[in-house]
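Fold and geometry: a report
Here is how the chains run, residue by residue.
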Amino acid sequence: MKFETRAIHAGQHPDPSTGAVMTPVYLTSTYVQEAPGVHQGYEYSRTGNPTRSALEGNLASLEGGTHGLCFASGLAATDAVLKMMEPQDHVVAGNDLYGGTHRIFTQVYQPMGIGFDFVNTGDPDQVRDAITDKTRMVWLETPTNPLLRITDIAAVSEICREKGVLLVVDNTFATPYLQQPLALGADIVVHSVTKYLGGHSDVVGGALITSDDALHEKLAFIQNAVGGVPGPLDCFLTLRGTKTLAVRMDRHCENAAKIAAWLEADSRIGQVFYPGLESHSGFEVASRQMRAPGGMISFELAGASEDEARKMVSRTKVFALAESLGGVESLIEHPPSMTHGAIPVETRRAEGLSDGLIRISVGIESVEDLLQDLDDAIG
Ligand SMILES: *Cc1c(COP(=O)(O)O)cnc(C)c1O
């Protein structure tokens, strides 16, 4: 079945006891057993819960994988992958990762003896050169945050296969509707379902998807042994979100493409970062590996003044000044002082993230209202 149909139905069946079409929120911690060890597949809700199982099946299907595992947040999902590592193991990671991912790598796992090297994964040769005989895993995001840099997943996966290391792709920015890392050779897909998958800014959650049975078994063991699982209501809300993923993403992308083109043509604006623009360094790879370039745009005002950027993001009326992304509502922020404030200023500048950068998560409102709002706020 096609993506749009699976988004609505995969993992879900009418409730056998009542016929309820929507998956019930199974608010239960435990399940009755007929005799010790004889039950209907559920014994305790850290190990398994039917609402969570429905979401896990749904996300596995959307990513084209065979197994899904859900977690209490994107970082709890990330943590579960890292728990497969042992001291002395080495990870090659992208140098433009989500800040919280960089933090758990360098401040939680590095002190425990896991080695990390950060490279520009957009250049597959840099990945190849960074892999040592201790490397177990390559971890990348594409598009990245906030500069929307693109990595050729198939090219990196070929190197990983050749070297015998796992490839993990954080697909939060693209979503499975726009990009399918498992089909391009990734071993594990990571999600913050907090963003586009949930889609309504009302739930925090994470997920892992794989088609490798042995990897799934290890990760499911960690999920149960460590216990960073989401509650059934969060799973229900996420399931409600994924049903409309395809139509939401179509509108996010349509609005973002119009706004990116408008920004690029405006003399009050400096650089615009959007993988759907031919001026973007990742345009060609993005056109090949993504269905559409997504709903995130970063830009600078002409002159790239930090002061002007801070004033501009405080003046919008439809775009809310807030961190996070991927909800139906449009958000605007200033990465250097908000989402990326924890990155040392020299590192930030060296990686091309200027003090005057502005990031928007384009929502699904009327694009005319969004353009008017930006026009007024730029002033
Ligand atoms: C938000 C985010 C995360 C972390 O997810 P949480 O749900 O906030 O824990 C990881 N990766 C990316 C790309 C994100 O945007």
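Along each chain, the written sequence defines residue order, and numbers are assigned to residues from 1. Reporting in this predicted model follows two pLDDT cut-offs: at least 70 for local features of residues, and 80 or more for side-chain atom pairs to be given and counted; totals over whole chains, interfaces and linings ignore these cut-offs and use all residues. The side-chain figures draw on all heavy atoms in the structure; neither hydrogens nor water molecules are used.

A look at the site of the ligand
Selection rule: For each residue, the test is whether any non-hydrogen atom lies within 4 Å of the molecule or strand; if one does, the residue is near. We define a polar contact as two N or O atoms separated by no more than 3.5 Å, with the added condition that, inside protein, one atom must be a possible hydrogen donor and the other a possible acceptor, whereas residues neighbouring each other in sequence contribute only through side-chain atom pairs. Throughout, the ten residues Ala, Val, Leu, Ile, Met, Phe, Trp, Tyr, Cys and Pro are labelled nonpolar, Asp, Glu, Lys and Arg are labelled charged, and all others, Gly among them, are labelled polar.
All residues in the neighbourhood of the ligand are listed as S73, G74, L75, Y98, E141, D170, T172, F173, S192, T194, K195 and G205. One of the side-chain N or O atoms of T194 is found 2.7 Å from an oxygen atom in the ligand. Between the ligand and the protein, one listed contact pairs an oxygen atom with a side-chain N or O atom of K195 at 2.7 Å. Class assignment of the residues belonging to the shell around the ligand gives a composition of three nonpolar, six polar and three charged.

Considering unusual backbone geometry
Stated formally: Secondary structure elements are taken from DSSP: a helix is a run of H or I of four residues or more, a strand is a run of E of two residues or more, and numbering for both begins at the N terminus.
The peptide bond linking T142 to P143 adopts the cis configuration, its omega dihedral lying at -5°. Tracing the sequence through the fold places P143 in the loop between β4 (135-141) and α6 (153-163). With omega at 5°, the peptide bond leading from N145 into P146 counts as cis. Positionally, P146 belongs in the loop between β4 and α6. Here L148, not a glycine, exhibits a phi torsion of approximately 55°, which is positive. Along the chain, L148 turns up in the loop between β4 and α6. For S201, which is not a glycine, the phi torsion comes out positive at approximately 55°.

Topic: helix α14 (residues 367-378)
Note the cut-off: The span expected for a helix works out to 1.5 Å for each residue beyond the first. Throughout, a contact is declared for two residues whenever any of their heavy atoms are within 4.5 Å.
In this model α14 runs 16 Å from its N-terminal to its C-terminal C-alpha over 12 residues, within 8% of the 16 Å that 1.5 Å per residue would give. Buried residues in α14 make contact with α10 (245-265), β8 (269-273), β9 (296-301), α12 (306-315), β11 (331-333) and β12 (357-361). Residue G379 follows α14 closely and has a positive phi angle near 70°.

Concerning the side chain of E56
Put simply, the test is: Burial status follows relative accessibility: with a 1.4 Å probe on protein chains alone, a residue under 20% of its type maximum counts as buried, one over 50% as exposed, and anything between as partly exposed.
Here E56 shows up in helix α2 (residues 50-62). Judged by its relative accessible area of 11%, E56 falls in the buried class. At 2.8 Å, the side chain of E56 forms a polar contact with the backbone nitrogen of C70. What E56 contacts, discounting residues up to four positions off in sequence, is G68, L69, C70 and Q223.

Comments concerning the sheet that holds strand β1 (residues 67-71)
Strands in a sheet are paired, the pairing made by backbone hydrogen bonds, and the direction either parallel or antiparallel. For clarity, the cut-off: Note on pairing: two strands pair once DSSP finds at least 2 bridges between them. Where helices are involved, their axes are fitted lines through C-alpha atoms of the stretch in contact, as for all axes, and angles between N-to-C directions lie from 0 to 180°.
Pairing is mixed across the open sheet formed by seven strands, whose spatial order is β1-β7-β6-β5-β4-β2-β3. Each having just a single partner strand, β1 and β3 (115-119) make up the two edges of the open sheet. On average, each strand axis in the sheet is tilted by 20° relative to the strand beside it, whichever way the strands run. One ladder, built from five bridges, connects strand β2 (residues 90-94) with β3; its direction is parallel. Bridge pairing in β3 links V92 to D117. Packed on one face of the sheet, α6 meets β4 and β5 (166-170) and runs near 155° to β5.

Focus: the sheet that holds strand β10 (residues 320-321)
In spatial order, the strands read β8-β9-β12-β11-β10; together these five strands make up an open sheet with mixed pairing. Two strands bound the open sheet, and with one partner strand each, they are β8 and β10. Here three bridges tie β8 to β9, and the two strands are oriented antiparallel to one another. Paired with I269 across the strands is L301, a residue of β9. Lying on the sheet, α12 is in contact with β9, β10, β11 and β12; it crosses β9 at an angle near 130°.

A few points about the nonpolar core
Worth spelling out the cut-off: Among buried residues, those of type Ala, Val, Leu, Ile, Met, Phe, Trp, Tyr and Cys that are joined through side-chain atoms within 4.5 Å constitute a nonpolar core. Each domain's extent is set by a domain assignment, obtained either automatically or from a database.
In this structure, F3, L59, Y177, L178, I209 and L245 are the most contacted members of the largest nonpolar core, which totals 33 residues. Only α1 (3-9), α2, α7 (175-178), β7 (206-210), α9 (232-243), α10 and α11 (283-289) provide two or more residues apiece to this core. By residue number, the principal contributor to this core is α2, which donates five residues. Two domains each put at least three residues into this core: domain 1 (3-243) and domain 2 (245-378). Not counting the four nearest positions on each side in its chain, I209 is found in contact with L59, A60, E63, G65, H67, G68, L182, D187, I188, V189 and H191. Core analysis: the next-biggest nonpolar cluster, separate from the first, contains 26 residues, L97, L166, I188 and L215 among them.

Some points on the pattern of salt bridges
For clarity, the cut-off: In what follows, salt bridge is the name for a side-chain nitrogen of Lys or Arg lying within 4 Å of a carboxyl oxygen of Asp or Glu.
For the structure on display, the rule yields 15 salt bridges. Among the charged side chains, a salt-bridge network with shared partners connects E346, R348, R349 and D355.

Looking at the environment of R349
For R349, the location among the structural elements is in helix α13 (residues 345-350). Taking the C-alpha atoms as reference points, R349 and P336, separated by 13 residues in sequence, lie 9.6 Å from one another.

A short note on the domain arrangement of the protein chain
The condition is simple: Take the accessible area each of two parts loses on contact, using a 1.4 Å probe, and add the two losses: that sum is the buried area.
Taken domain by domain, the protein chain comprises domain 1 (3-243) and domain 2 (245-378). The C-alpha-based centres of domain 1 and domain 2 are spaced at 26 Å. Contact with domain 1, which involves 35 residues of that partner, is made by 37 residues of domain 2. With both chains or domains summed, domain 1 and domain 2 bury close to 3000 Å², and 60% of this area falls on carbon and sulfur atoms. Three residues, Y177, L178 and Y196, lead the burial of domain 1 against domain 2; their summed loss comes to 27% of the area buried on that side. At the surface where domain 1 touches domain 2, the tally comes to one salt bridge. Between R288 and D152 there is a salt bridge, and its shortest N-O distance comes to 2.7 Å. Remark: the boundary between domain 1 and domain 2 carries 19 residue pairs in polar contact (both at pLDDT 80 or more).

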